[in-house]
Structure formats: C-alpha cells, structure tokens
Amino acid sequence: MQTSVHWLKNVAFEAKSESGHSVVMDGASAYGGENRGPRPMELILMGLGGCASFDIVTILKKSRQDVTDVVCELKAERADAIPAVFTKIHLHFVVKGTAVKEKQVAKAVELSAEKYCSASKMLSDGGVEITHDFEIIEI
C-alpha cells in the first residue's frame, strides 16, 4: 500500500491513494489553514471508525442479522504535550435493524476490536486505550 501527499499552500495538503482517491487536509486558521479539509489526526480517527464499522457490518451480515444501518461515533482524548497523540478513544456503535441479536452485536464488536480491525490493533499496540460499546435500535 502506498500514498502520496502533495503540499497545496499554507498548511493544506492533498493526499492521493494508490486506489485513485484523494482527500484534502488542512490546518486550523491559527496555523495558517483555511479549514478546507479535515485535520490529519481527524483522518486517523475517521479511518479507525471506518475500519471497525466495515468489520461490524461484515460480521453481522455473515451471521444473518437484518441490519439496516450502522453508525460509529468516536470520541478521543489527546495528550496535552507535543506530540499530542491519542491517549483514549471510545467507539460507540449504533446498530439499527429488525430482530438484531444483542449477542451477535457484542461478538462482532469483540471480534473487530481483538482480531480484525488493523487500525484498532495498531493504535492499541501503540498505547492508546480503546474502549467500545453499542446500542441496538429496533426498526
């Protein structure tokens, strides 16, 4: 896997992925940014949410759960000192569907956290405390 990051101006950058997609990152106005895109650390958090959500949906579909929507809400804390790394991240999954079994959702969350989510594994191995919970909304 590879990517490239090209400086646009001030503190704005465009990242291009090997798969042909791009995203603009920009800094806060306090650092000369124009708020034209997410911050790099926000992208890391978004990537974690995407990775974990991919696992949850895939596992629940394989277990024949009638899932219609999954939302992953993430809250993170960062260190006060530089580098301001993530210290804690909490993932809250909101699973919507018909007759979705709590046991299956709990298993999907556990499997994602402990086995499948590469982003979660990488961050937790780096010292980030990652926690999870979920709720099921019956439709």
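Residues numbered from 1 in each chain as written. Predicted model: local features only at pLDDT ≥ 70, side-chain atom pairs only at ≥ 80, totals over all residues. Heavy atoms only, no water.

1. Points about the overall build of the chain
Next, step 1: Each helix and strand in the chain was counted, giving 3 helices and 6 strands.
Next, step 2: In the chain, the succession of helices and strands from N to C terminus is β-β-β-α-β-β-α-α-β.
Next, step 3: Principal-axis analysis of the C-alpha atoms gives the chain an extent of 50 × 35 × 30 Å.
Next, step 4: Counting the 139 residues in the chain, one finds 29% classified as buried.
Next, step 5: A sequence separation of at least 24 residues applies to 52% of the contacts in the chain between residues at least 6 apart.
Next, step 6: For the chain, the accessible surface area stands at approximately 9100 Å², while carbon and sulfur atoms represent 55% of it.
Next, step 7: Positive and negative side-chain charges of the chain, numbering 16 and 19 respectively, have mean locations separated by a distance of 5 Å. (Helix = DSSP H or I, 4+ residues; strand = E, 2+ residues; numbered from the N terminus. Buried < 20%, exposed > 50% of the residue type's maximum accessible area, 1.4 Å probe, protein only. Contact = heavy atoms within 4.5 Å. Areas by Shrake-Rupley, 256 points an atom, 1.4 Å probe, with all protein chains shown as cover. Lys, Arg positive; Asp, Glu negative; His and termini not counted. Charge placed at Lys NZ, Arg CZ, Asp CG, Glu CD.)

2. A short note on the sheet that holds strand 2 (residues 12-17)
Next, step 1: Within the open sheet, the 3 strands sit side by side as 1-2-3. Their pairing is antiparallel. Each edge of the open sheet carries a strand with a single partner, namely strand 1 (3-9) and strand 3 (22-26). Neighbour to neighbour, the strand axes of the sheet diverge by 25° on average, direction disregarded. (Pairing = 2+ DSSP bridges. Axes fitted to C-alpha atoms, helices over the stretch in contact; angles between N-to-C directions.)

3. Side note on the nonpolar core
Next, step 1: The biggest cluster of nonpolar side chains holds 23 residues, and the ones touching the most others in it are Leu48, Ile56, Leu60, Ile89, Leu91, Phe93 and Val95.
Next, step 2: Counting residues per element, this core draws most heavily on helix 1 (residues 40-62), at 6 residues.
Next, step 3: For Leu60, the contacting residues outside a window of four places in its chain are Gln65, Val67, Val95, Gln104, Val105 and Ala108. (Core = buried A, V, L, I, M, F, W, Y, C linked by side-chain atoms within 4.5 Å.)

4. Focus on the environment of Lys101
Next, step 1: Summarising the element assignment, Lys101 is placed in the loop between strand 5 (86-98) and helix 2 (102-116).
Next, step 2: Measuring from C-alpha to C-alpha, the distance between Lys101 and Leu60 comes to 9.5 Å, with 41 residues separating the pair along the chain.
Next, step 3: Beyond its immediate chain neighbours, meaning those up to four positions away, Lys101 contacts Gln65 and Ile136.

5. Notes on the domain arrangement of the chain
Next, step 1: By the assigned domains, the chain splits into domain 1 (1-37) and domain 2 (40-138).
Next, step 2: The straight-line distance from the C-alpha centre of domain 1 to that of domain 2 is 25 Å. (Domains from an automatic or database assignment.)

6. Some remarks on the layout of surface pockets
Next, step 1: Taken as a whole, the largest pocket spans an internal volume of roughly 320 Å³.
Next, step 2: Those elements giving two or more residues to the lining of the largest pocket turn out to be strand 1, strand 2 and strand 3.
Next, step 3: With 3 residues, strand 2 is the largest single contributor of residues to the lining of the largest pocket.
Next, step 4: Residues of the lining of the largest pocket, tallied by class, amount to 6 nonpolar, 5 polar and 2 charged. (1 Å grid on protein atoms, 1.4 Å probe; cavity = no way out; pocket = protein on both sides within 12 Å on 5 of 7 lines; lining within 4 Å. Points joined across faces, edges and corners; volume = space filled by probe spheres on them. Nonpolar A, V, L, I, M, F, W, Y, C, P; charged D, E, K, R; others polar.)

7. Notes on the pairing of strand 3
Next, step 1: Here 5 bridges tie strand 2 to strand 3, and the two strands are oriented antiparallel to one another. Within strand 3, the residue paired with Lys16 across the bridge is Ser22.
Next, step 2: With antiparallel pairing between neighbouring strands as the criterion, strand 2 and strand 3 make up a hairpin whose turn holds 4 residues, including Gly20 at a positive phi of roughly 95°.

8. Here's the deal with the pattern of salt bridges
Next, step 1: One pass over the structure, following the stated rule, counts 2 salt bridges.
Next, step 2: Between Lys9 and Glu34 there is a salt bridge, and its shortest N-O distance comes to 3.1 Å. Taken together, the positions of Lys9 in strand 1 and Glu34 in the loop between strand 3 and helix 1 put the pair 25 residues apart, joining distant regions of the chain.
Next, step 3: When its relative accessible area of 40% is taken as the criterion, Lys9 is described as partly exposed. (Salt bridge = Lys/Arg side-chain N within 4 Å of Asp/Glu carboxyl O.)

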